[in-house]
Amino acid sequence: HSSLPHMGESAVIKMLEYLEQMPDSVTLMEIDGGVNYNSVPSHALLEIDAVSSTSKPIVKKIMMINKHIKTLEKEFFNFLDDDFFPPHPTLNIGLVRTLQDHVLLAGTCRIPPVITNEIYETWMSQLRAVCEANGSQFRVTDYKKPFRTNENSDFSRGCQSELRALGLDDSARTQPSTNEASIFSRIGIECLCFGPGKREGNVHTPTEHVAVEDLHRAVEFYKRAIERFCL
């Protein structure tokens, strides 16, 4: 029985690395980590039986899938988009859980605009094939195509002007996450992403939070943007 604390990185990833050291004959009793697919897990728990054996070992199957995930992550470094940080695609295994008749692994893959649909479909097909070869099911539950907005457009410049007027940072940056803007951009709607509070080291972490005063400033910005572009 082993409980793995958060060590500045995904506790689920650390647990899978720990499981790799176990022999195939080990019986997996319980595996649990994370709270949802797109957060960095702060805890993970692994319970094994090293004495008894099973006719259907699952540890080897999990390790084969995890091995391919590691290979896929290495391939990410061949596709760089310097406008984004980090410039390469990233993958997070945010949830692992023992259910009644299967083990669930769930995560997210962040891809910058340099990744074409063809490349994305190839990666997903490869991962699906590995899962099926190990008696598992693979599902993509959501996909939002990445986008890029011209920072010199009237819309971008106007929003930056309103930010400056409120004493807020008006620098244009890319973001390593997705939202509804990825959907709107597909039909030609110019999009920018703005939100209250601190992003780096805060979003999708166990201690994610927003100060009330930041919420008030965000409301004022949205009000000004609506008045500028919609009225």
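Before reading further, recall that the structure is shown in the block above.
Residues numbered from 1 in each chain as written. Predicted model: local features only at pLDDT ≥ 70, side-chain atom pairs only at ≥ 80, totals over all residues. Heavy atoms only, no water.

A.B. asks: Please give an account of the overall build of the protein that cites residues and values.
C.D. replies: A count of helical and extended segments in the protein gives six helices and five strands. Seen through its principal axes, the protein has C-alpha atoms that stretch 70 × 40 × 30 Å. Of all 231 residues assigned to the protein, the portion counted as buried reaches 29%. Sequence-distant contacts, at least 24 apart, represent 64% of the contacts inside the protein between residues at least 6 apart. Total accessible area on the protein is roughly 14500 Å²; 53% of this is exposed by carbon and sulfur atoms. Charge centroids of the protein, computed over 24 positive and 31 negative side chains, lie 2 Å from each other. (Helix = DSSP H or I, 4+ residues; strand = E, 2+ residues; numbered from the N terminus. Buried < 20%, exposed > 50% of the residue type's maximum accessible area, 1.4 Å probe, protein only. Contact = heavy atoms within 4.5 Å. Areas by Shrake-Rupley, 256 points an atom, 1.4 Å probe, with all protein chains shown as cover. Lys, Arg positive; Asp, Glu negative; His and termini not counted. Charge placed at Lys NZ, Arg CZ, Asp CG, Glu CD.)

A.B. asks: Mind laying out the nonpolar core, listing which residues take part and the relevant values?
C.D. replies: One recurring pattern in soluble globular proteins: nonpolar side chains tend to sit buried together. Ranked by size, the top nonpolar core spans 30 residues in total, and within it Leu19 and Trp123 carry the most contacts. Of all the secondary structure elements, the ones that give two or more residues to this core are helix H1 (11–20), strand E2 (27–33), strand E3 (43–49), helix H2 (59–76), strand E4 (90–98) and helix H3 (117–133). Excluding anything up to four places from it in sequence, Leu19 contacts Leu46, Val59, Ile62 and Met63. (Core = buried A, V, L, I, M, F, W, Y, C linked by side-chain atoms within 4.5 Å.)

A.B. asks: Kindly report on the pairing of E2, identifying the contributing residues and their values.
C.D. replies: With five of seven residues buried, E2 lies mostly within the body of the structure. Across six bridges, E2 lies against E3 in antiparallel orientation. By the bridge assignment for E3, Glu30 is matched with Glu47. Summarising the sheet, E2 and E4 pair through two bridges and their orientation is antiparallel. Note on E4: the bridge partner recorded for Gly33 is Val96. (Pairing = 2+ DSSP bridges.)

A.B. asks: Would you mind going over the pairing of E4 in detail, with residue names and values included?
C.D. replies: The sheet contact formed by E4 and strand E5 (residues 103–110) spans eight bridges and is antiparallel. Each bridged residue has a counterpart across the sheet, and for Leu95 the counterpart in E5 is Ala106. Between E4 and E5, which pair antiparallel in sequence order, lie four residues.

A.B. asks: Before we move on, could you go through the packing of aromatic side chains and cite the residues and values that matter?
C.D. replies: Evaluation of the coordinates by the stated rule reveals seven aromatic pairs. With 5.5 Å between their ring centres and 80° between their planes, Phe79 and Trp123 make a pair best called edge-to-face. Remark: Trp123 occurs in helix H3 and Phe79 occurs in the loop between H2 and E4; sequence separation between them is 44 residues. Assessed through its relative accessible area of 22%, Phe79 is described here as partly exposed. On the numbers, 5.6 Å between centres and 80° between planes, the contact of Phe194 with Tyr222 is edge-to-face. Placement of Phe194 in the loop between helix H5 (181–184) and helix H6 (212–229) and of Tyr222 in helix H6 is noted, with a sequence separation of 28 residues between them. Residue classification places Phe194 among the partly exposed positions, given a relative accessible area of 29%. On the basis of relative accessibility, which here comes to 39%, the residue Tyr222 falls in the partly exposed class. Among the aromatic residues, ring-to-ring pairing joins Phe76, Phe79 and Trp123 into one connected group. (Phe/Tyr/Trp six-rings, centres within 6.5 Å; stacked < 30°, edge-to-face > 60°.)

That's the geometry; what it means functionally is another story.
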